[in-house]
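# Survey of secondary and tertiary structure
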Amino acid sequence: MGGWSMFVTCCVWAILLLALFEDSLASPPEFDPYKVLGVSKHASQAEIKKVYKNLVREWHPDKNKSPGAEDMFIKITKSYEILSNEERRSNYDRFGQMDENQNFARAPQGFRHFHDSFYFDESFFHFPRTSGDFTDSKHHLHYNQYISEVLPDSFKRPYLIKITSEWCFTCIHIEPVWKDTVLELEPLGVGIGVVDIGYERQLANHLGAHRTPSILGLINGKVTFFHYAVVREHLRQFVESLLPQKLVEKVTDNSYLEFLNSWHEENKPRVLMFDVASNIPLLYKLTAFAFKDYVQFGYVDMGLTETSKVVQRFNINTYAPTMLLFKENTDKPADVIQARGMKKQIIDEFVSNNRFLLVPRLVNQKFFDELCPVKQFHRRRKYCVLLVTGEGEQFVSVNEAFFDFASSNTKEVVRFAYVYQRQQQPLCDTLLKKEDTTPPQVILLERRSATGRVLYRTVMDGWNGSDDDKHRLHEQLEILQRDPSYLTHDAMLPELNNEFASMFLIQWINAAYDYLAQFYFDLLYSNWREMMPVLSLIFSALFILFGTVIIQAFSDAGEDKPAKQKATDPPKTAESSPGQESTSSRPPKKNFVEVTELTDITYMSNLVRLKPGHINVVLILTDASKQVLLRKFAKEVYSFSGSQTLHYSFLNVDKHSQWMDSLMESAPDARPSDCLDEEEDTTFNKSDYTGHVLALNGHKKYFCIFRPVFTGEEAECSRWSDEDAGTAGPSRASRSRSSSRQKATTLEIHHKLDRLGLWMERLMEGTLPRHYVPAWPSLDTITPQK
C-alpha cells in the first residue's frame, strides 16, 4: 500500500506541474502596442504618429547605445505598424493578434496550447523580418505583376522600389525613413514597390539587385539605383531626378503669350499653374509627366516681380494655388481650379477631362483611338466629324469656320477633329477615293473595329466654311443621330503616321546616351556584378580583334619571304648575286602594289608637281616586256610599298622614245662615258633602256638610276647601276667596250630586275648618287634642253 500511495502522489504532483507549465506557455510573451507607445485605445492617428516619432528619435540604435535599445526600437516600430493601419488595429483590438499571417478566428484550445508551447519571440534572436512589415505588404511585387502592370505604368509615373529580405539587419535602420518617404511620395503619384529577394529571386535578378537593402527607381522602363545616404530628402530628390528635364516650363510676363500661342504647333492644350514657390512643386512635375503626351504645362511663380502682369492679366488669387487650362482660345481659359490644398486626384481629373483640344489634329494612331473609340454598345455610339484639309494660307478661313461650328455643337456623342492631307496621305486617300473629291472635305465616320474598319459618309458639296455648309452639316448630324444607317460607305483605314516621331538617328543617340550613362554610374559605384557581362563582352571583342591582327601580320610576313632560287639558275658571286629581297622597316598596308603609267595626263601630277620629300620610282619598259617586267617589278618593290613617300609608275619607251635620251643628255654624269664612244657606229648610240628604273624627285629635280642586270655574256656597262659607279676601274671599262657589241639574244628579261631590291635599300638609306637636271623634259619634247 505504501508503494501505491507513493506512486499516486507522484502522478498527482506531475499532473499539477504539467498544468502549471502549460498555463505558463499558453500565452506567448507578446507586448501590448498601446503600452509600448504609451497611448490610449481611443488615441487618434495624429497622436499615435506624434508619439511614434518622438520614441523613434529616443530609441534609435544609432543614437541610443543602451543594451535594450534595439529591442525597444523593434517593438516601437512593430507597434506603430499595427496601430497606424485601421484594419490591423481593429484585428488586434478584437483578437489580440499581431501577425498578419495568423488566422483571426480563435483556434481550438488544445491546438492553441500546442502551438503556443513552441512560440519564439523574434526579438530574442534580433532578426527583424522586414519583408513582413504591415506597411510593405500592399506594395509587394511579383515578377508577373512587375512585367504586366508596373513596367507599362512606369511610362506614366516613376516607381521607387525597395529590395529587402527576411534576415536583413540594415533594413531595420532605414525602415522609418522608408515609411515616411512612402507616406509623402505615394499621395503625390509615385509608385511604390517592395521586392523580397528571398522569395522573388527572379525579379531581383531582372532588376539587377543583388544586395539588401537596395533602393532603385524605375521610369520609362529604365532602372536607376539609389547610391546616397537613405534620408527622406535624398529619396525625394532622387525621384525628382528621374523625371525628364523641362517637363514644366517656367513662364514670366515676357513668355506667357508665346507659351499659350504654341498650342497649334504641338497640338496640345496648355496648363498654367500659379503658386508661390521658387522651385516647381513635385506634384506638378508628376502630373506633367503623367499627361506629357496630351498637355503642355507651364509654371508661374507668383512671388516674382517678373510675373505680376500675367497674374493681373488673369486675375489670379495669390493666396491659393490656381490652375488655368487653355485650348484654342488663348484669351480665356477653358477651365479653372483653385484650392489651398491641391490634391492629386483633383488635378488628374481636371487635366484628364480637358486633355484634348476642342478640334484636335489627328497626329498618330494612339490619338485617333482615344478620340474616336471603337463602338462597343448601341447606347455608347460616338461619331467623329473629320475635316480633311491642308496647311496653306488658303485653308485658314476654312479651318476657322470648322472650329466655329464645333464650338457651337459640343455634344458628347460627336467628336470633331481634322487631318492634314500631306501628313496623313494614306488615310485621306482611303476616305476620298470613292467620292473622287479633293480637300477641304468633311467626313462623318464611326469606328467599328480596332483593326481599322469604319462606316463613313462624305458631306455633300464639300466644305468652304459658308453658312450653307454649316447648315448642311448640322442637318446631316441630326439625321445621323436618329438613323445610324445613314453612314453608307465601308472601308478599312490604314494606321496613321506618327507626325511627332523623332528620327531614327535621334532615337539611336538617345539610346546610346542612356547606355553610356548607365555604364558610367555602374563603373562609378563599382557595381561589378552587373558590369561583368559588359566587361566580358568588351574584352572578348578586343581579344578577337588583336588576335586577328597578329595572325594577319604573321601571315603577311610569311608571304614576304623570298622564294627559293631555281636549280637551273647559275651560281652568283657575292658581288652580283641577284634576287635578294629586303624587307622595309614599315610593313606594307596593301597586298598589292599600285603602279600607274606615266602619260601626258599624269606626268605633271606624278613628277613635275610631286610633293616635297616624295619620290616616284619609274620602271622603263616596252610593249613586248611589259607584262614580265611589271610582275617582277611589283614583287621586288612590294616590301617597300608601306612607305607613304614612295610612288610607283612605268614609262613605255615605245610611246615616248625620246624622253630617256632627253633626260640622259640633261644629266651627262648619269651616262658612263666608257659606254658611249663617239667614234663607234651610230647603231650603238641608240641605247636600250628596257629594265632601267629611275627614282625621280620632282621637287628637287634629281634622279637616281638603276641599270638592269643581264645573264650570260653581256655588256658590262649596261648592267652598271649607281651603286657600281664608284668601284669600276679602267680595266673593267675596256672589257665593257669589247663586250657591248654582242647581240641581245642572250638576254633573259625576267632577270633584269634581280638586284632591284638591294638598290631600293640604298635608295631608302639615301646613299645612291644623285643626278640633277635643270628641268624635267616634257613627254612631247624631242630635242633635249641644253
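This text follows the structure it describes.
### Focus: the overall build of the protein
The number of helices and strands found in the protein is 28 helices and 20 strands. Here the protein holds 786 residues, and 43% of them are scored as buried. Counting only contacts in the protein whose residues sit at least 6 apart along the sequence, the fraction spanning at least 24 positions is 73%. Approximately 43,800 Å² of the protein is accessible, and the part contributed by carbon and sulfur atoms is 55%.

### Quick notes on empty space enclosed by the protein
Picture a little ball the size of a water molecule; that probe, rolled over the atoms, points out where space is still empty. Tallied over the entire structure, the rule returns 1 cavity of 30 Å³ or more. When its volume is computed, the largest cavity comes out at roughly 60 Å³. In terms of lining, the largest cavity is formed by Asn409, Lys411, Val414, Phe416, His474, Leu477, Glu478 and Gln481. Tallying contributions element by element places helix α21 (residues 467-482) first for the lining of the largest cavity, with 4 residues. Its residues assigned to classes, the lining of the largest cavity comprises 3 nonpolar, 3 polar and 2 charged.

### Here we look at the environment of Ile48
If you trace the backbone, Ile48 turns up in helix α3 (residues 45-59). Sequence separation between Ile48 and Ser79 is 31 residues; the distance between their C-alpha atoms is 9.9 Å. With residues near it in sequence (within four places) discarded, Ile48 still touches Leu37, Val39, Ala43, Tyr80, Leu83 and Arg89.

### Brief notes about the pattern of salt bridges
When the charged atoms of two side chains lie near each other, side chains of opposite charge can form a pair. Scanning the entire structure with this criterion turns up 21 salt bridges. For the salt bridge of Arg453 with Asp490, the shortest nitrogen-to-oxygen distance reads 3.2 Å. Of the two residues, Arg453 sits in strand β13 (residues 453-458) while Asp490 sits in strand β14 (residues 489-492), which places them 37 residues apart along the sequence. Residue Lys655 pairs with Glu597 through a salt bridge whose shortest N-O separation is 3.3 Å. Placement of the pair is Lys655 in the loop between β17 (646-652) and α26 (659-666) and Glu597 in strand β15 (residues 595-597), with a sequence separation of 58 residues. For Lys655, a relative accessible area of 53% corresponds to the exposed category. Salt bridges here are not isolated pairs; linked through shared partners, they connect Glu184, Arg232 and Arg236.

### Details of unusual backbone geometry
Backbone torsion omega between Thr212 and Pro213 reads -5°, so that peptide bond is classified as cis. With respect to the secondary-structure elements, Pro213 resides in the loop between α11 (201-207) and β3 (214-219).

### Here's the deal with a positive patch on the surface
On the surface, Lys49, Lys53, Arg57 and Lys63 cluster together into a patch of positive charge. For Arg57, the location among the structural elements is in helix α3.

### Thoughts on a nonpolar patch on the surface
Together, Ile538, Phe539, Leu542, Leu545, Phe546, Val549 and Ile550 line one region of the surface with nonpolar side chains, adding up to about 690 Å² of accessible area. For Phe539, the location among the structural elements is in helix α23 (residues 528-559). When its relative accessible area of 56% is taken as the criterion, Phe539 is described as exposed.

### Some remarks on the state of the cysteines
Throughout the structure, instances matching the rule amount to 2 disulfides. Disulfide pairing is shown between Cys168 and Cys171; the S-S distance is 2.0 Å. One quick way to see it: the torsion about the S-S bond of Cys168 and Cys171 is about 90°, and its sign makes the bridge right-handed. What pairs with Cys372 in a disulfide is Cys384, and their sulfur atoms sit 1.6 Å apart. On the sign convention where negative is left-handed, the bridge of Cys372 and Cys384, at about -115° about the S-S bond, is left-handed. Here the residue Cys372 occupies a position in the loop between α18 (365-371) and β10 (383-389), and Cys384 occupies one in strand β10, the gap between them amounting to 12 residues. One exposure class covers both Cys372 and Cys384, and it is buried. When the bonded cysteines of the protein are counted from the start of the sequence, the pairing works out to 1-2, 3-4.

What counts as what
Residues numbered from 1 in each chain as written. Predicted model: local features only at pLDDT ≥ 70, side-chain atom pairs only at ≥ 80, totals over all residues. Heavy atoms only, no water. Helix = DSSP H or I, 4+ residues; strand = E, 2+ residues; numbered from the N terminus. Buried < 20%, exposed > 50% of the residue type's maximum accessible area, 1.4 Å probe, protein only. Contact = heavy atoms within 4.5 Å. Areas by Shrake-Rupley, 256 points an atom, 1.4 Å probe, with all protein chains shown as cover. 1 Å grid on protein atoms, 1.4 Å probe; cavity = no way out; pocket = protein on both sides within 12 Å on 5 of 7 lines; lining within 4 Å. Points joined across faces, edges and corners; volume = space filled by probe spheres on them. Nonpolar A, V, L, I, M, F, W, Y, C, P; charged D, E, K, R; others polar. Salt bridge = Lys/Arg side-chain N within 4 Å of Asp/Glu carboxyl O. Patch = residues over 30% accessible without salt bridge, like charges linked within 9 Å, V, L, I, M, F, W, Y side chains within 5 Å. Lys, Arg positive; Asp, Glu negative; His and termini not counted. Charge placed at Lys NZ, Arg CZ, Asp CG, Glu CD. Disulfide = S-S within 2.5 Å.

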